[in-house]
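# Structure at a glance
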Amino acid sequence: MMLFKLAWRNIWRNRRRTYITAASILFAVLFASFMDSLQRGAWDNMVRNVVNYYFGYMQVHEKGYWAEQSIDKAFILTDSLRHKAGAPPAAGVVPRIESFALAAGEAQTTGVLVAGIEPEAEDEMTGLRERLIDGRYLSAEGKGALLASGVAEKLGLGVGDTLVLITQGFRGVNAAGKYPVTGLASFGSPELNKQMVYLPLQEAQYFFGAQGRVTSVALHLEEADDIAVLKARLFQQLDTSAFEVMDWEEMLPDLVQARELDTAGNVIVYFILYLIIAFGIFGTILMMTKERSYEFGVLIAIGMQRWQLAWSVFIEIVMLGIIGALAGILASLPVVLYFKVNPIRFSGEMAGSLEKFGFEPIFPATFDPRIFAAQASYVFLATVVLAIYPMLKIRKLEPVRAMRG
Amino acid sequence: MAVISTQGVEKIYNPGKIPVKALKGVSLEIAEGEFTAIVGPSGSGKTTLLNIIGGLDRPTAGYVEVGGVDISGLSDNQLIDFRKDHIGFVFQAYNLIPVLTARENVAFVMLLQHRSAQERNARAESLLAAVGLSDKMDKRPAELSGGQQQRVAVARALASKPSFILADEPTANLDSASTANLLDIMYRLNQEEHITFVFSTHDQRVIDRAKRVVTLVDGKIDRDEVRG
Ligand SMILES: Nc1ncnc2c1ncn2[C@@H]1O[C@H](COP(=O)(O)OP(=O)(O)OP(=O)(O)O)[C@@H](O)[C@H]1O
Ligand SMILES: [Mg+2]
């Protein structure tokens, strides 16, 4: 108690120095939490865009499908399975049957990825309808094909022409079909643009000779935060010896890696920032220790144990750090909240390329208490480390020498 | 009975490099209730002797007993506790903790001794009253004059109920009125409460008030006179 009181009063002993130190911590925390919130927000947004572009945050397959990507791993989508998978927090079930095929047009052939989809469910998650540039969108009962513009160009096909598909279907059956091209869609992603052919689900199942079967069930999620909950529930309810449940991080390791690389870069920036701040604080501590050594000498002379004195100084420095960190958090809260509600909107070239992918060029900040907690704990750790210096000094302090000056 | 007893105390500073022989065999006994001045020219070893008696420094050779305890046998931490419970210190200046009030400064040592809050308060108040500072109890050191600060320091030194008080040039930074005032207080405490005081000084007016004067010259006791 006494140690706290001493520490607290000592903090306010040199007000200006305390304000300057606290302010430097405040700005470090403010800057770091703001940057971190923006960066995480940008990545969350990016991931949401990329993930919902096609894959979804989570998918259910027959066990082993993802590794092989073979139509032979298509499975019967029962109502009960559909129900279990689609229960909250999932916001929708997006079943697909996907496999490669050879597509032929007037004079050309090319390899394509045929995706049989439920048009409405698909649109809800991926916004496929908005990518339409010609013709009309698929309907569940229709027989038409929706072509990526790159595929149409390669094959020399337009709306109203006929597309021919040939491949090996489910368990080796010969699959062949003719489909009227009813719509063209343009994807910002070149990969999708040069290979996607969408068919209504039933039509595709018929084509592959896989009635009632799908190769994947993507699950639509509103919030990335719900992934863990949904995953846990699916693991409980589904027969995991028959099915595999994968989240986007497992399906898109490249994206995870890109995010980690970028985040690691920022960690270095924060590290340097805090290092600079730490040096500043260390200067203050050095000065304080020097100025107070006479007083430390008196205290030890009149019977204060070194550990008591050391603790009091330790508490003082750590409290100073906490004050700065709390002030920094308080200052960041409104800033981060503001940029969450009013996302930074990019314009120009960058915005153009994002829009081409069908992404909104906005960067909302993430408001996550963990970000602030992390910054505060960096400051705490730094001050704890710095506080060791005066403690060591006090351990070796000779009162007579200290008081001789 | 002697509260302080030294036998052939020697102190050599910088034994390795250029040794300075600050004390060259000081044997001294100080009895309970004494009011003794240690005097001598600058550099004669007064501070060194007081530091050794007070357990702030260790002699190079010789023997120091305080209250019947051979303090050379105590570890560093034990010495700190010994000082806390048995010795009151008044230094030349800057005795007080700047962030604590006069009352808190006096109570601080008792806090270190784990006395109850009630006892701390009562004793701090009565001690500050005894040094004539009843009206300044809640002032911080910076708000007090040098003389007042030294009086608080005397009150603080008394707070732990020590066996004696060591004061190294307690009046060196004071004007003559404050010096006289501080001396009156010390003298009265000695007369009425039988508090033992050992102090060093250069000031002839202070020397005149002492009941015993030990003169150091060049690290040795040159004279030791007791006055009527
Ligand atoms: N830490 C030290 N290191 C080296 N020499 C020292 C140290 N402390 C004191 N001395 C030397 O020891 C001798 C005695 O010093 P001391 O301070 O005891 O004298 P003093 O009588 O108190 O003098 P003053 O009246 O000036 O206070 C002096 O020669 C001094 O220079
Ligand atoms: Mg001296």
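Below, the structure is looked at part by part. Throughout this document, residue positions are counted from 1 along each chain, in the order its sequence is written. Naming scheme: in the order in which they are written, chains are lettered from A and ligands are numbered from 1. At least 70 in pLDDT is required for a residue's local features to be given in this predicted model, at least 80 for side-chain atom pairs to be given and counted, and no such filter applies to totals for whole chains, interfaces and linings, which use all residues. To obtain the side-chain values, all non-hydrogen atoms of the structure were used and water was disregarded.

### Quick look at the overall build of chain A
Within chain A one finds 16 helices and 14 strands. The globule rule used here is 2.2 Å times the number of residues to the 0.38 power, and the radius of gyration it is set against is calculated over C-alpha atoms. The C-alpha atoms of chain A give 31 Å as radius of gyration, which overshoots the globular expectation for 405 residues (22 Å, by more than 25%). Overall, the C-alpha framework of chain A stretches about 100 × 50 × 30 Å when taken along its three principal axes. Looking at the 405 residues of chain A, the share that counts as buried comes to 52%. Contacts spanning at least 24 positions in sequence make up 78% of the contacts within chain A whose residues lie at least 6 apart. In this tally, Asp and Glu contribute negative charge and Lys and Arg positive charge; neither His nor the terminal groups of the chain are included. For this purpose, a charge sits on NZ of Lys, CZ of Arg, CG of Asp or CD of Glu. Distance from the positive charge centre (37 side chains) to the negative charge centre (40 side chains) of chain A: 16 Å. Runs of H or I in DSSP of at least four residues are treated as helices and runs of E of at least two as strands, each being numbered from the N terminus. Working definition: with a 1.4 Å probe on protein chains only, accessible area under 20% of the residue-type maximum means buried, over 50% means exposed, and in between means partly exposed. The contact definition used throughout considers only heavy atoms, calling two residues in contact when any of these lie within 4.5 Å.

### Things to note about the sheet that holds strand E2 (residues 20–31) of chain B
Backbone hydrogen bonds hold the strands of a sheet together, and the pairing may be parallel or antiparallel. Residue and element names in this part refer to chain B. Here we have four strands laid out as an open sheet, ordered E2-E1-E4-E5, and antiparallel in their pairing. On the outer flanks of this sheet lie E2 and strand E5 (69–70), each paired with one strand and no other. Across five bridges, strand E1 (residues 2–13) lies against strand E4 (residues 61–66) in antiparallel orientation. Paired with glutamate 10 across the two strands is alanine 61, which belongs to E4. Pairing between strands is defined by DSSP: at least two bridges between the two strands are required.

### Quick look at the pattern of salt bridges
Criterion for a salt bridge: a side-chain nitrogen of Lys or Arg within 4 Å of a carboxyl oxygen of Asp or Glu. All told, the structure shown has 30 salt bridges over all chains when counted by the stated rule. As a salt-bridge pair, lysine 231 of chain A and aspartate 247 of chain A come within 3.0 Å of each other at their nearest N and O atoms. Placement of the pair is lysine 231 of chain A in helix H9 (residues 227–237) and aspartate 247 of chain A in strand E12 (residues 243–247), with a sequence separation of 16 residues. Residue classification places aspartate 247 of chain A among the buried residues on the basis of a relative accessible area of 9%. One network of salt bridges, in which partners are shared, links Lys5 and Arg9 of chain A together with Glu104 of chain B.

### Topic: the interface of chain B and chain A
Contacts between the two partners involve 26 residues from chain B and, on the opposite side, 21 residues from chain A. Sorting the residues of chain B by area buried against chain A places Ile80, Val99 and Leu112 of chain B first, and these three jointly supply 24% of that buried surface. Between the two partners, chain B and chain A, sit three salt bridges. Each polar contact in these results corresponds to two N or O atoms within 3.5 Å; when the atoms are within protein, one needs to be able to donate a hydrogen and the other to accept it, and residues that are neighboring in sequence are counted only if both atoms are side-chain atoms. Across the chain B-chain A interface, the total number found is nine residue pairs in polar contact (both at pLDDT 80 or more). It is helix H2 (residues 76–86) of chain B that contributes the most residues to the side of chain B that touches chain A, six residues altogether. Residue type decides the class: Asp, Glu, Lys and Arg count as charged, Ala, Val, Leu, Ile, Met, Phe, Trp, Tyr, Cys and Pro as nonpolar, and the leftover types, Gly among them, as polar. Grouping the constituent residues of the side of chain B that touches chain A by class yields 14 nonpolar, four polar and eight charged. Throughout, buried area stands for the accessible area (probe radius 1.4 Å) lost by two parts on being put together, summed over both.

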